[in-house]
Amino acid sequence: MMHPIARRTALAGLGSLFAWGFAPRLATAAAGDPRLLVILLRGGLDGISMIQPVGDPAFAALRGADAGQAVPLDGLFALHQGMPNLLALFRAGQALPIHAVHTPYRERSHFDGQDVLETGLPRVTAGARTGWLNRALAEIPRGARLPAPRGLAVSPVVPVIMQGPAAVETWQPQAFRYADEDLVARLLDLYEARDPGLAAALRAGADLDRAMQEVPAGQPGTTRVPGRPDFVTEAAGAARIMALPDGPRVAALGLTGWDTHAGQGTARGNLANRLGALDDAIGAIHTGLGPVWGDTVVAIVTEFGRTVRMNGSAGTDHGMATCTLLLGGRVAGGRVLADWPGLAPHLLHEGRDLRPTADLRGVLAGVLADQLGLPGAALARAFPDAAGTSPWRGLIRT
């Protein structure tokens, strides 16, 4: 008989989502059956390349040679040419870029910047950490006969943003792909006779892993990016699981590779490929959520932006303010929100960066309030030490 520890190890490698059949729907004050997906862009997204401030007189001199042709969104901003899915959602009023936004972090370390982004705290903390999304999940009102809602992390380990008191399941994208399917079959034969309940759980986990890695016919084309070729598949899988009647309603996943120090290639090259992959993922999420897209908000965030000037290696270095995206059928989109600080030299942060004019915590608190129905006291626990930062209202259709 397999040792219990070995059995748990085998099951962990084959998918831990079998418990989703018992996960509840959210009981919140928000309308419908709301869902929230947070995508972390790790490495520092160059926001002024994705949502380009072409109406700023300083932009052409700073970035014009690298920017390429962009699609106008309003009198000031234009969208990168390689993001047709995002453009379609914007024109449908379901995409809302928010520019010149940043966490309270004002240094230039990826590790520390991501720590502040994921904990929701005003500074880097030592010791045990919890994430703002997990704390928010723990605050969602419970139904009369339902256990607390669970979250989903598409990651080999639970990222900081989803660490904390609420229950979180992880899906390791590569787990089933490299599993020995003969071993799975033998385990199923063994447990069918000795432990039917465990056999059913193992089968469901393996089936979910397969489902999350299959891109259905007609899915938007996938843009391959070095080091992370399957992000679109992961995003599509997460969306399909979130669309299940008893699936998770809150989830997080990430895409690395936004640290464009050299050979940035905004119009053609590394950054253009990354933005294309992100756009394909947006299309896959839209398709995967299907009829529940109308109840969904997708928040796309990053730890900091990039310098406004290109460096000597045709790249950009760690900066400050950047752009955040809100997408979904619940989003009051079709506009760009920005208290635009300007790109003239005397207007820049430390003479080199886009100056932050909006606190990302206020944006996210507004989403939690109007999408998940969290009251003020719960928002204060999700984002402690945020005195003076009010939730942004009007981002979500209520």
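Analysis parameters
- The residue count restarts for each chain, going from 1 along the sequence in the order it is written.
- Residues qualify for local features only when their pLDDT is at least 70, as the model is predicted, and side-chain atom pairs are given and counted only at 80 or more; totals for whole chains, interfaces and linings, by contrast, use all residues.
- Side-chain metrics rest on all non-hydrogen atoms present in the structure, leaving aside hydrogens and water.
- For helices the rule is a DSSP run of H or I covering at least 4 residues; for strands it is a run of E covering at least 2, with both sets numbered from the N terminus onward.
- Only protein chains enter the accessibility calculation, which uses a 1.4 Å probe; a residue is then buried when its area is under 20% of its type maximum, exposed when over 50%, and partly exposed in between.
- Where accessible areas are quoted, they stem from the Shrake-Rupley method and a 1.4 Å probe; at the residue level, only the protein chains shown are allowed to cover.
- Note on aromatic pairs: the rings of Phe, Tyr and Trp (six-membered ring only in Trp) are paired at centre separations within 6.5 Å, and the planes decide the class, stacked below 30 degrees, edge-to-face beyond 60, tilted for the rest.
- Think of it this way: DSSP has to see at least two bridges between two strands before they count as a pair.
- Think of it as the arc spanned by the lines of direction from the helix axis to the C-beta atoms.
- In what follows, a contact means two residues having at least one pair of non-hydrogen atoms within 4.5 Å.
- pLDDT expresses, on a scale from 0 to 100, how confident the predictor is about each individual residue.
- Axis geometry follows a simple rule: fit a line to the C-alpha atoms, using only the stretch in contact for helices, then measure angles between N-to-C directions, giving values from 0 to 180 degrees.
- If an angle is under 35 degrees, it is roughly parallel; if it is over 145, roughly antiparallel; if it lies from 65 to 115, roughly perpendicular; otherwise it is oblique.
- In this scheme, a crossing is called left-handed if the near helix is turned counterclockwise away from the far one by less than a right angle; it is called right-handed if the turn is clockwise.
- Only Asp, Glu, Lys and Arg are considered charged, only Ala, Val, Leu, Ile, Met, Phe, Trp, Tyr, Cys and Pro nonpolar, and every remaining residue, Gly among them, polar.
- Pairs of N or O atoms are called polar contacts if they sit within 3.5 Å, as long as, within protein, a hydrogen donor faces a hydrogen acceptor (for residues adjacent in sequence, only side-chain-to-side-chain pairs).

Chemist: How should the overall build of the chain be read in this particular structure?
Modeler: The helix and strand inventory of the chain stands at 12 helices and 11 strands. When each of the 398 residues of the chain is scored for burial, the buried share is 56%. Roughly 15,500 Å² of accessible area belongs to the chain as shown, and the carbon and sulfur atoms make up 56% of that amount.

Chemist: What am I meant to see in the packing of aromatic side chains here?
Modeler: How two aromatic rings sit relative to each other is given by the distance of their centres and the angle of their planes. One pass over the structure, following the stated rule, counts 2 aromatic pairs. Centre to centre, the rings of F77 and W340 are 5.3 Å apart; their planes meet at 85°, and the pair counts as edge-to-face. One end of the pair, F77, is in the loop between β3 (70-72) and β4 (78-80); the other, W340, is in the loop between β10 (322-327) and β11 (358-359), with 263 residues separating them in the sequence.

Chemist: It is not clear to me how the pairing of strand β7 (residues 168-171) should be interpreted in this structure. Could you clarify?
Modeler: A regular strand carries its side chains on alternate faces of the sheet. Burial of the side chains of β7 is restricted to one face: E169 and W171 are buried, whereas none of V168 and T170 on the reverse face is. Of the pairings in the sheet, the one linking strand β6 (residues 151-154) to β7 comprises 4 bridges and is parallel in character. Note on β7: the bridge partner recorded for V154 is W171.

Chemist: I'm lost on helix α3 (residues 59-67) in this one. Help?
Modeler: Side chains that are three or four residues apart share a direction in an α-helix, a result of its 3.6 residues per turn. All of the buried residues along α3 are F59, L62, R63, D66 and A67. An end-on view of α3 places all buried positions within 100° of arc, on one side of the element. Relative to its buried face, α3 has exposed residues pointing more than 90 degrees away, namely A60, A61 and A65. The secondary structure elements touched by the buried residues of α3 are α2 (47-50) and β2 (51-52).

Chemist: For this particular structure, what's the right way to read the confidence of the model for the chain?
Modeler: If pLDDT is low for a region, its predicted coordinates should not be looked at in detail. The predicted model of the chain averages 83 in pLDDT, with 76% of residues at 70 or higher. A low-confidence stretch, residues 215-229 stays under pLDDT 50, and its non-local contacts, those more than four residues away or across chains, total 27 contacts.

Chemist: So what exactly am I meant to see when it comes to the packing of helix α9 (residues 231-242) against helix α10 (residues 270-289) here?
Modeler: When two helices pack together, their arrangement is given by the angle between the helix axes and by the axis-to-axis distance. Their axes nearest at 8 Å, the elements α9 and α10 cross at an angle of 20°. The angle between the axes of α9 and α10 places the two elements in the roughly parallel class. α9 and α10 meet at a crossing whose hand is right-handed. Of the residues in α10, those touching α9 at F231, V232, A235, A236, A239, R240 and M242 are A277, D280, A281, A284, I285, G288 and L289. Here the contact of α9 with α10 is composed, by residue class, of 11 nonpolar, 1 polar and 2 charged.

Chemist: What exactly am I supposed to notice about the environment of S49 here?
Modeler: Relative to the helices and strands, S49 resides in helix α2. For S49, a relative accessible area of 2% corresponds to the buried category. Sequence separation of S49 and L275 is 226 residues, and the distance between their C-alpha atoms is 9.5 Å. Leave out the neighbours within four places in its chain, and S49 touches R63, H80, Q264, T266 and L271. At a separation of 3.4 Å, a polar atom in the side chain of S49 contacts the side chain of Q264.

Chemist: What exactly am I supposed to notice about the environment of V54 here?
Modeler: Note that V54 resides in the loop between β2 and α3. Using a relative accessible area of 43% as the deciding quantity, one classes V54 as partly exposed. Each C-alpha atom of the pair V54 and D74 lies 9.8 Å from the other, and the pair is 20 residues apart in sequence.

Chemist: What should I look at first to understand the pairing of strand β1 (residues 35-41) in this one?
Modeler: With 7 of 7 residues buried, β1 lies mostly within the body of the structure. Where β1 and strand β9 (residues 296-302) come together, 7 bridges link them in parallel fashion. From the neighbouring strand, R35 faces β9, where its bridge partner is T296. Bridge count between β1 and strand β8 (residues 250-255): 6 bridges; the pairing is parallel. Counterpart to L41 in the pairing with β8 is L255.

Chemist: Help me understand unusual backbone geometry in this model?
Modeler: Note: most residues except glycine have negative phi, and most peptide bonds are trans. In this model, A100 sits at a positive phi of 60°, which is unusual for a non-glycine residue. With respect to the element layout, A100 can be found in strand β5 (residues 95-102). Given a relative accessible area of 0%, A100 falls into the buried group.

Chemist: I'm lost on the sheet that holds β11 in this one. Help?
Modeler: The pairing of strands in a sheet happens through backbone hydrogen bonds and is either parallel or antiparallel. One open sheet accounts for 8 strands, arranged β7-β6-β8-β1-β9-β10-β5-β11; its pairing is mixed. The sheet is open, and its two edges are formed by β7 and β11, each paired on a single side. In this fold helix α4 (residues 84-91) packs onto β5 and β10, with an angle of close to 105° to the strand it touches most, β5. Each of β1, β6, β7 and β8 is contacted by α9, which is oriented at about 180° to β8, the strand it contacts most.

Chemist: Can you help me understand the packing of α4 against α10 in this one?
Modeler: Direction vectors running N to C along α4 and α10 enclose 55°, while the axes themselves pass 7 Å from each other. Regarding the angle of α4 to α10, the classification is oblique. For the pair α4 and α10, contact is made by P84, N85, L86 and L89 and by D279, D280, I282, G283 and H286, respectively. Here the residues of the contact of α4 with α10 are counted per class, giving 4 nonpolar, 3 polar and 2 charged.

Chemist: Explain the side chain of D279 here, please?
Modeler: Within the secondary structure layout, D279 lies in helix α10. Polar side-chain contacts of D279 include one of 2.8 Å to the backbone nitrogen of L86. Residue contacts for D279: discarding those within four places in its chain leaves G82, M83, P84, N85 and L86.

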